[in-house]
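As a plain string of letters, each chain reads:
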Amino acid sequence: NAYNSNVVPLMYHLNISLASSGGHSITNGYDLPQLHEIWDAANATKSNVMALDWDLESAFLKYVGTDAEFTKVYMPPQTAKCMANRINLADRTSQNFTRRVGNKLGACDDKVDNLKKLVSRALHPDPTIHTAIQSPAYEAVKRFEVTWGNFVTIAQNSQKGTRRE
């Protein structure tokens with residue numbers, strides 16, 4: 001969004017000739033609700049739009065499998081060196097352009113956190129309980145692999161709700 005995005009340094013240092021015309025007075029950025037409106041309007045009018053977004057955001061999932069599905073544009077990969085050279089939050093909205101774009105070494109893609117499983121301790125096998133009456137849930141969850149594909153499927157299905165709702 002307009003306040004915590006790394007768009008300005010990326011566009012400047014990677015020589016990507018795009019401009020934003022959003023309402024934020026310094027960065028010309030958009031807030032997240034405005035971005036959702038832009039994506040919906042672009043989908044309705046079959047127009048192109050480019051925005052810095054993150055893969056697991058709900059708007060991305062909304063369009064997976066449609067003719068308006070987002071296309072990921074890869075920026076230079078995130079490294080420790082890049083993160084050490086990124087501008088801080090205050091500099092992202094600085095009136096000073098040099099501070100707002102920061103060091104070229106800080107121009108890299110946002111980190112995508114790996115999908116992980118959390119397993120409740122209550123599911124772990126209890127040696128004090130006979131194996132025959134223990135729940136098989138722990139073994140099932142332990143064997144379940146979270147991949148990008150099944151994450152998208154689960155996320156899309158969870159947005160549909162259930163018959164009970």
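Every chain begins its residue count from 1, and numbering advances along the sequence as written. A pLDDT threshold of at least 70 governs which residues receive local features in this predicted model, and a stricter bar of 80 or more applies before side-chain atom pairs are shown or counted, although totals over entire chains, interfaces and linings include all residues. With hydrogens and water set aside, each side-chain value is computed from the structure's full complement of heavy atoms.

Student: What am I meant to see in the overall build of the chain here?
Tutor: When helices and strands are counted, the chain shows 8 helices and 0 strands. Reading the secondary structure of the chain in the N-to-C direction produces α-α-α-α-α-α-α-α. Accessibility here uses a 1.4 Å probe with only protein chains present; expressed as a share of the type maximum, an area under 20% marks a residue as buried, one over 50% as exposed, and anything in between as partly exposed. Every one of the 165 residues in the chain was classed for burial, and the buried ones make up 22%. At a minimum sequence separation of 6, the contacts of the chain that also span at least 24 residues come to 60%. Using a 1.4 Å probe, the Shrake-Rupley method yields the accessible areas, and only the shown protein chains count as cover for residues. Put simply, the chain shows about 11,900 Å² of open surface, and 54% of that area lies on carbon and sulfur atoms. A run of DSSP states H or I qualifies as a helix once it reaches four residues; a run of E qualifies as a strand once it reaches two. Both are numbered from the N-terminal end. Residue contacts follow a heavy-atom distance rule, with two residues in contact if any of their heavy atoms lie within 4.5 Å.

Student: Help me understand the pattern of salt bridges in this model?
Tutor: Pairing is possible between side chains that carry opposite charge, provided their charged atoms lie close to one another. When a carboxyl oxygen of Asp or Glu lies within 4 Å of a side-chain nitrogen of Lys or Arg, that pair is called a salt bridge. Tallied over the full model, the rule gives 3 salt bridges. Across the pair lysine 46 and aspartate 67 runs a salt bridge whose closest N-O atoms are separated by 3.1 Å. With lysine 46 in the loop between α2 (32–45) and α3 (58–63) and aspartate 67 in the loop between α3 and α4 (80–85), this residue pair connects regions lying 21 residues apart in the sequence. The class of lysine 46 is exposed, set by a relative accessible area of 58%. On the accessibility criterion, aspartate 67 (64% relative accessible area) is exposed. Residue arginine 99 pairs with aspartate 91 through a salt bridge whose shortest N-O separation is 2.4 Å. The class of arginine 99 is partly exposed, set by a relative accessible area of 44%.

Student: Would you mind showing me how to read unusual backbone geometry here?
Tutor: Excluding glycine, most residues fall at negative phi; most peptide bonds, likewise, are trans. Positive phi, close to 55°, is recorded for asparagine 15, a residue that is not glycine. Looking at the secondary structure, you find asparagine 15 in the loop between α1 (7–13) and α2. In the Ramachandran plot, lysine 46 falls in the positive-phi region, its phi being about 55° despite a non-glycine side chain.

Student: Just to check I follow, could you spell out the side chain of serine 94 for this structure?
Tutor: Its location among the elements puts serine 94 in the loop between α5 (89–92) and α6 (97–101). Given a relative accessible area of 8%, serine 94 falls into the buried group. Every residue in contact with serine 94, bar those within four places of it in the chain, is listed here: Ile26, Arg99 and Arg100.

Student: Explain the environment of valine 101 to me, please; I cannot follow it from the model alone.
Tutor: On the secondary structure map, valine 101 appears in helix α6. For valine 101, a relative accessible area of 5% gives the class buried. C-alpha of valine 101 to C-alpha of methionine 11: the two residues are 90 residues apart in sequence and 8.8 Å apart in space.

Student: It is not clear to me how a nonpolar patch on the surface should be interpreted in this structure. Could you clarify?
Tutor: Among the surface-exposed residues, Leu18, Met50 and Val73 lie close enough to one another that they form a single nonpolar patch of about 280 Å² accessible area. Of the residues examined, methionine 50 reaches a relative accessible area of 48% and is grouped as partly exposed. Two distance rules govern patches: like charges are joined within 9 Å, and nonpolar side chains (Val, Leu, Ile, Met, Phe, Trp, Tyr) within 5 Å, applied only to residues with over 30% relative accessible area and no salt bridge.

Student: Where do I start with α2 in this structure?
Tutor: Counting along an α-helix, one turn takes 3.6 residues, and residues three or four places apart therefore face a common direction. To estimate how far a helix should reach, multiply one less than its number of residues by 1.5 Å. Under the 1.5 Å per step criterion, the end-to-end length of α2 is 20 Å for 14 residues, consistent within 8% with the ideal 20 Å. When we look at burial in α2, the residues that qualify are Leu35, Trp39 and Ala42. Along the long axis of α2, the arc covered by the buried residues comes to 65°, so they all point the same way. What points out from α2, more than 90 degrees from its buried face, is the exposed set Pro33, Glu37, Ala44 and Thr45. On its buried side, α2 packs onto α3. Picture the helix axis, draw a direction to every C-beta atom, and the arc is the one those directions span.

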